[in-house]
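Residues per chain, in single letters:
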Amino acid sequence: MITSKERILVTHVGSLPRGAELSELLLKREEGVSVERAQLARAMDRGVRHVVEKQIDAGIDIGNDGEQQRVGFQTYVAQRMSGFAGESKRRRGRDYEEFPELVEVLMQRFPKRSKMQNAPEARAELRYLGSEAINEEVDRLKRTVQSVHAFRECFMTAPSPGIVSTTMLNAYYDSQESYLAALARELNKEYRAIYEAGFLLQVDSPDLAMDRSMFYRDLSNAQFAAAAEMHVAAINKALEGIPRDRVRLHCCWGNWDGPHVFDVALDLILPVLYHANVGALSIEFANPRHQHEYAALKHHRLPDHMVLLPGCVETTSNIVEHPEVVARRIQEAVDAVGDRERIIASADCGFGTFTGREWVIEPAVWLKLKSLRQGADLASTRLWGRDVEFRPK
């Protein structure tokens, strides 16, 4: 895990806006419509290069391909494993059930988007179909980064067994635990391909917080914590053979513009997150519902081997945070952890979680990331007692 003894590094959570042509092709492929392979490859080439260059301009230290090659952060795995078919009947979050007006807004704002509530379900034994797709992604990112000399470090995302299990529901295995075990076994192949390519692996696991108000809404807090422990055990199984200092774990309460009044407290789940065999935790703190939760890090101290990636800009509003706001959030994270060198400034979540459902317009995304960089430089100047300023290449 790259850290710095000189300044606060900057990263983000993964997904970035996709252009219209690429979005259309990804949606068609998901729907089973025939797409010309060469046309899709060219669109992906352009998409990856565009977001890599934009990240460089913004001053991102640890960047990625913006998930330009995937239709959704977790649903894409249905195209890489056999055993998925039909449609899941995934319940919406309590925000959407208690406030149906949100559903109306969602439908009006995003009339054509990738599958979210109706992704395929597991109907047979899961088997990873081979490494061609992940190798193609890895190669495209490598070529692009090398051609423009980008980033101090590259990362690539992959979903946790838990979020796949609660999005693409189980209609085959005899228990949730058995389903998680099968997903962990098969996702290990995706994880290892990313690690062996020399990239940091980011495991996206919003289930560890978000599913308190979705899949596990009928449980008590204690029962949810036990379920989250089971999900973390599956992550650890999927990570076998990968050093924890090459893995970071992302956890959030769901990337939507809603009240979030049913969100679970970080204080409950943070000890569970510490059981993951990872070197860094990515947690949202810019969400107005969770900006106070740095206190949980004082109740439950961050393990010495872990780095914190606090969300310092949020991802569902077009308001661009002032660099001073970012700097203050970074300072609060440093105060909570007690070590400036174990803080890497980040965003709350992705900016393109699902194709066709981007809450933030593209120009504002780059402005937010630039503000993240500027705020990190302000914080660095104050933390190290000397001028620090990012200068783009």
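Before reading on, note that the structure itself is shown above.
These figures come from a predicted structure and were not determined experimentally. (Residues numbered from 1 in each chain as written. Predicted model: local features only at pLDDT ≥ 70, side-chain atom pairs only at ≥ 80, totals over all residues. Heavy atoms only, no water.)

Once that is clear, we can look at the overall build of the chain. A count of helical and extended segments in the chain gives 13 helices and ten strands. Against the compact-globule benchmark of 21 Å for 393 residues, the chain has a radius of gyration of 20 Å, which places it among compact chains. Residues counted as buried form 60% of the 393 residues belonging to the chain. A separation threshold of at least 6 residues defines the contact pool for the chain, and within that pool the share at least 24 residues apart is 83%. For the chain, the exposed area adds up to about 15,200 Å²; of that, 49% sits on carbon and sulfur atoms. Each charge sign in the chain was given a centre, from 51 positive and 56 negative side chains, and these centres are 3 Å apart. (Helix = DSSP H or I, 4+ residues; strand = E, 2+ residues; numbered from the N terminus. Rg over C-alpha atoms; globule rule 2.2 N^0.38 Å. Buried < 20%, exposed > 50% of the residue type's maximum accessible area, 1.4 Å probe, protein only. Contact = heavy atoms within 4.5 Å. Areas by Shrake-Rupley, 256 points an atom, 1.4 Å probe, with all protein chains shown as cover. Lys, Arg positive; Asp, Glu negative; His and termini not counted. Charge placed at Lys NZ, Arg CZ, Asp CG, Glu CD.)

Our next topic: the sheet that holds strand 2 (residues 62–63). Spatial strand order, 1-10-9-8-7-6-5-2: eight strands in an open sheet with parallel pairing. On the outer flanks of this sheet lie strand 1 (9–10) and strand 2, each paired with one strand and no other. Relative to strand 6 (residues 200–204), strand 5 (residues 153–159) runs parallel, the two being bridged by five bridges. By the bridge assignment for strand 6, Ala158 is matched with Val203. Sheet strands touched by helix 10 (residues 266–273): strand 7 (247–251) and strand 8 (280–283). Its angle to strand 8, the strand with the most contacts, is close to 155 degrees. (Pairing = 2+ DSSP bridges. Axes fitted to C-alpha atoms, helices over the stretch in contact; angles between N-to-C directions.)

Let us look at the environment of Arg289. Inspection of the secondary structure puts Arg289 in the loop between strand 8 and helix 11 (295–299). Judged by its relative accessible area of 41%, Arg289 is partly exposed. Taking C-alpha positions, Arg289 is 9.9 Å from Ala265, a pair spaced 24 residues apart along the chain. Leave out the neighbours within four places in its chain, and Arg289 touches Pro259, His260, Val261 and Asp263.

What follows deals with the side chain of Ser160. Along the chain, the position of Ser160 falls in the loop between strand 5 and helix 6 (161–167). Of the polar contacts made by the side chain of Ser160, one reaches the side chain of Asp207; its length is 2.9 Å. Beyond its immediate sequence surroundings of up to four residues, Ser160 is in contact with Leu187, Tyr191, Val203, Asp204, Ser205, Asp207 and Ile235. (Polar contact = N/O pair within 3.5 Å; in protein donor to acceptor, adjacent residues only side chain to side chain.)

This brings us to the environment of Glu98. Relative to the helices and strands, Glu98 is located in helix 3 (residues 94–98). According to the relative accessible area criterion, Glu98 is partly exposed, its value standing at 44%. Here the alpha-carbon distance between Glu98 and Asn255, two residues 157 residues apart in the chain, equals 17 Å.

Although it is not a glycine, Glu67 adopts a positive phi angle of roughly 55 degrees. Among the secondary structure elements, Glu67 is positioned in the loop between strand 2 and strand 3 (81–85). Here the phi dihedral of His149 falls at roughly 55 degrees; this positive angle occurs in a residue that is not glycine. Within the secondary structure layout, His149 lies in the loop between helix 5 (132–148) and strand 5.

Note on pairing: side chains with opposite charge can pair once their charged atoms come close. Tallied over the entire structure, the rule returns 34 salt bridges. Arg373 is paired through a salt bridge with Asp377; the nearest N and O atoms lie 3.1 Å apart. Taken together, the positions of Arg373 and Asp377, both in helix 13 (residues 362–384) and four residues apart, correspond to about one turn of that helix. The pair formed by Arg373 and Asp377 is uniform in burial state, with each residue classed as buried. A cluster of three or more residues bridged by salt bridges with shared partners is formed by Arg37, Asp45, Glu132, Glu136, Arg140 and Arg143. (Salt bridge = Lys/Arg side-chain N within 4 Å of Asp/Glu carboxyl O.)

Quick look at helix 7 (residues 176–196) now. Given a rise of 1.5 Å per residue, 21 residues ought to cover 30 Å, and the 30 Å separating the end C-alpha atoms of helix 7 matches this to within 8%. Maximum bend of helix 7: about 30 degrees, positioned at Leu187. Gly198, located one to two residues past helix 7, shows a positive phi value of around 95 degrees. (Expected span 1.5 Å × (residues − 1). Bend = angle between axes of the 7 residues up to and from the residue.)

The next thing to look at is the pairing of strand 9 (residues 307–313). Of all seven residues in strand 9, seven are buried, a share of seventy percent or more. Sheet topology places strand 8 next to strand 9; four bridges connect them, and they run parallel. In the strand pairing of strand 9, Ile283 is matched with Pro310. Each parallel crossover has a hand, and the one from strand 9 via helix 12 (residues 323–337) to strand 10 (residues 344–347) is right-handed. (Right-handed = clockwise from strand over helix to strand, strands pointing away.)

As a further point, take the packing of helix 1 (residues 20–31) against helix 2 (residues 37–58). It is at 9 Å that the axes of helix 1 and helix 2 come closest, and there the two elements cross at 135 degrees. Put simply, helix 1 runs oblique to helix 2. At the point where helix 1 passes helix 2, the crossing takes the left-handed sense. Residues Glu21, Leu22, Leu25, Leu26 and Arg29 of helix 1 form the contact with helix 2, whose participating residues are Gln39, Leu40, Ala43, Met44 and Arg46. (Parallel < 35°, antiparallel > 145°, perpendicular 65-115°, else oblique. Left-handed = near helix turned anticlockwise from the far one by under 90°.)

By themselves, these are just geometric observations and shouldn't be taken as functional.
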